[in-house]
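# Structural overview for review
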Amino acid sequence: MRRIDGIPGVLLGLWSVAAVLVHIWFAGTGYPEPLELAAIHLALFVPPVFLLFPATEHSPKNRPSLLDLVLAVCAFVPNVYIYLNQEQIYERTSFIDPLTPVQYVLGTAMVATVVEATRRSISYTLAGLVVAVIGYMAICHLLPGAWYYRELTFAHITEINFLSVGSGLYGSLTVMSATIVASFLIFGSLMQASGMSRLFGNFGALTGGRFTGGPAKVAVISSALFGTMSGSSVANVVVTGSMSIPLMKRLGFRPVFAAGIEAAASVGGPLVPPVMGAAAFIMSEMIAVPYSAIIVAAAMGAALYYVNILAAVHYESKKLGIGAIPRHMLPSLSDLARDAHLVLPLALLVTMMMMRFSPYLAAFWSTIATVAVAALRSHTRMGPRALFIALRDGGFLISMIAVAVTSAGIITAALTATGLLLAFTGMIKAAAGGSLLLLALLIAGTCLFLGVGIPTTPAYIITAAIGAPLIAEHGVPLIAIHLFIFYFAVLADASPPVAPVADAAATIAGAPPMTTGWYACRFALGGFVTGMAYIYEPGLILEGSLFGIVSTAIALATGLVLISAGLVGYTWGPLPAWLRLAYVTAGSLCSLAYIVPVWQRGLAGIALVGATILMSRIASARGTAPELKPALVSHAEGELR
């Protein structure tokens, strides 16, 4: 992203802030009808992408070029046309009324600018996928078998993408981006500016720093808490990793391990309610389920994900001999109390959503509350400059999300219009052969494959469109199906070969990106296990009896602890190869042996984890366990003593 200074930078910032304020106004007073809203949203947020992101590595780094300005105008004008001609677009008969020359030109320009904006700000892969599906529409009548569809003229393709109400560029996905997604991104940006990350860091230190591997556990807990207000794994790793990774390295953790832990912890941020990122908001709209229900259903899965990472950190720290942070170096309760008032907007958000207020109205009032509550104390009060920067940066983030979601809208419109969506569904169903397990594995693999090159939100949207109806045929609850797909879409961000979160963490740590990705993938194992469990364990979405819910939590948690111990190869001491394999096998059975009643797996897990703890205590009592060195950290400076 460019850093544009001077008058151009101020003007771009003013544009971004104005766009954000328009969306805040809509959230509080009511939105216009969908086509008008989508046009306003894209007109305000797509043009800045060309000014913020250079076309190539040789483009100017501190100012937009003439080409960038031209493309920004080309991305703005078609939306003005849609806004001014809504009535005509609603009244025309699709695929019968001819397109005007102006509609041809503007439709082509809008699709091209969205593709280019996606290439610059998101990924070449997602942009290439959009081009591929449009190319497919042009040649589908020439292809054999399931790939065949009747001939689509250039007019048909333009209409599907540009003039079809409810799909394509101005479809439901773009409307979701303009409503729920934008509202929550603005809220998260202001929460971060108020100093909430400092509160989370201090809370993480107080709760995790007192135990074995204290600094690494602080990083994990802080990343989990940061996810409650961010929903962006990349932002999470940049904010928390810039402090935690260097600290872990100085305390003896290998760079690749420190980066892998932080990447895995940050990737889990979008799994943590209440702000779970754009894909979760879209999920709520796609399956017509209140967002509050998604929060409840996702809560246990998020907790289990971090249980797995904390277990891996614990055993790795014992292996390295890294102990707790001494109490006198930890932040005090008074440090925590200084920022405790910042929790109020987050509590208001959750309360309003549980009371079934609309998510964007809850986000609106929580955003207002964030500014008001932060003003209660001088060190958290946001002045005009801080507010301007927070709103500006929130607008920049919305611009990136908007082009990603709009690209996904083009892809899903093309797949639906040509029937290719049904073809893919048929291929996967035939390959699964009636097996729910094989079907789930195929869909999870599809999601991870898509996630290699495209962000979480479009990966989730495309996979859900293809795979969710197939799993639903097996009687799995709809919310569980979509959370299953969502988990794998999120975890793709930490899975090699292309893992943006792992790459960011590796850059901070000075570690090899590919190796960091594999470490992050290993530490994120809890997400893969939990994702699969959504298909088979109703207790995971808090459905069923209390006994079943508790049994599910115990079976999965103990299984993940056992798997972590086996992968690290250390508990009360170094584990031989056969015992490491036994731990991984036992943990896998506790977590994944769905043919065995969950309460029996839970009891077995408790017995095995209890035996491990007992052996560790015996080793400590006999003096055979290595002594742990205290993690000497200066709380004031966040550095080693």
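Residues numbered from 1 in each chain as written. Predicted model: local features only at pLDDT ≥ 70, side-chain atom pairs only at ≥ 80, totals over all residues. Heavy atoms only, no water.

As a further point, take a nonpolar patch on the surface. There is a patch of nonpolar side chains on the surface, built from I7, V10, L11 and L14 and spanning about 400 Å² of accessible area. Considering the arrangement of structural elements, one finds L14 in helix α1 (residues 6–29). (Patch = residues over 30% accessible without salt bridge, like charges linked within 9 Å, V, L, I, M, F, W, Y side chains within 5 Å. Areas by Shrake-Rupley, 256 points an atom, 1.4 Å probe, with all protein chains shown as cover. Salt bridge = Lys/Arg side-chain N within 4 Å of Asp/Glu carboxyl O. Helix = DSSP H or I, 4+ residues; strand = E, 2+ residues; numbered from the N terminus.)

Another point: the packing of aromatic side chains. Applying the stated criterion across every chain, the model contains 18 aromatic pairs. Judged by centre distance (6.4 Å) and plane angle (90°), the ring pair of Y460 and F486 falls under edge-to-face. You can see Y460 sitting in helix α22 (residues 456–472) and its partner F486 sitting in helix α23 (residues 478–491), a full 26 residues away along the chain. Since its relative accessible area comes to 0%, Y460 is described here as buried. Judged by relative accessible area, which is 1%, F486 ranks as buried. Joined through ring pairs, the aromatic side chains of Y460, F486, Y487 and Y534 make up one cluster. (Phe/Tyr/Trp six-rings, centres within 6.5 Å; stacked < 30°, edge-to-face > 60°. Buried < 20%, exposed > 50% of the residue type's maximum accessible area, 1.4 Å probe, protein only.)

So, about the side chain of R119. Counting through the fold element by element, R119 comes out in helix α6 (residues 101–121). Side-chain polar atoms of R119 contact the side chain of Y124, separated by 3.0 Å. With sequence-adjacent residues up to four places away left out, R119 is seen in contact with A55, Y124 and A127. (Polar contact = N/O pair within 3.5 Å; in protein donor to acceptor, adjacent residues only side chain to side chain. Contact = heavy atoms within 4.5 Å.)

To continue, consider the pattern of salt bridges. Under the criterion given, the structure shown has 11 salt bridges. E316 is paired through a salt bridge with R254; the nearest N and O atoms lie 3.7 Å apart. In this pair, E316 is assigned in helix α15 (residues 291–320) and R254 in the loop between α12 (233–250) and α13 (255–267), connecting sequence segments 62 residues apart. A relative accessible area of 4% means that E316 is categorised as buried. The network of salt bridges with common partners includes R2, D68, E116, R119 and R120.

What follows deals with the packing of helix α27 (residues 546–568) against helix α29 (residues 598–622). Their axes nearest at 8 Å, the elements α27 and α29 cross at an angle of 40°. Compared by their axis directions, α27 and α29 come out oblique. Between α27 and α29 lies a crossing whose hand is left-handed. Facing F547, G548, S551, T552, I554, A555, T558, V561 and L562 of α27, the residues of α29 in contact are V598, W599, R601, G602, G605, I606, L608, V609 and T612. In the contact of α27 with α29, the residues fall into 10 nonpolar, seven polar and one charged. (Axes fitted to C-alpha atoms, helices over the stretch in contact; angles between N-to-C directions. Parallel < 35°, antiparallel > 145°, perpendicular 65-115°, else oblique. Left-handed = near helix turned anticlockwise from the far one by under 90°. Nonpolar A, V, L, I, M, F, W, Y, C, P; charged D, E, K, R; others polar.)

What follows concerns the environment of V22. Within the secondary structure, V22 sits in helix α1. Considered as a pair, V22 and I40 are 18 residues apart in the sequence and their alpha carbons are 9.4 Å apart.

On to unusual backbone geometry. At A288, a position not held by glycine, the phi torsion is positive, near 55°. By relative accessible area, which is 70% here, A288 ends up exposed. A positive phi angle, near 65°, is found at L542, a position not held by glycine. Topologically, L542 is positioned in the loop between α26 (525–536) and α27. By relative accessible area, which is 36% here, L542 ends up partly exposed.

To continue, consider the nonpolar core. Residues Y170, Y460, L483, F484 and F486 are the most contacted members of the largest nonpolar core, which totals 197 residues. For this core, the element with the highest residue contribution is helix α19 (residues 384–418), accounting for 14 residues. Split by domain, the residues of this core number at least three in each of domain 1 (7–177) and domain 2 (544–624). With residues near it in sequence (within four places) discarded, Y460 still touches A279, I282, M283, M286, H482, I485, F486 and A489. (Core = buried A, V, L, I, M, F, W, Y, C linked by side-chain atoms within 4.5 Å. Domains from an automatic or database assignment.)

Fair warning: the whole summary comes from geometry, so function is off the table for now.
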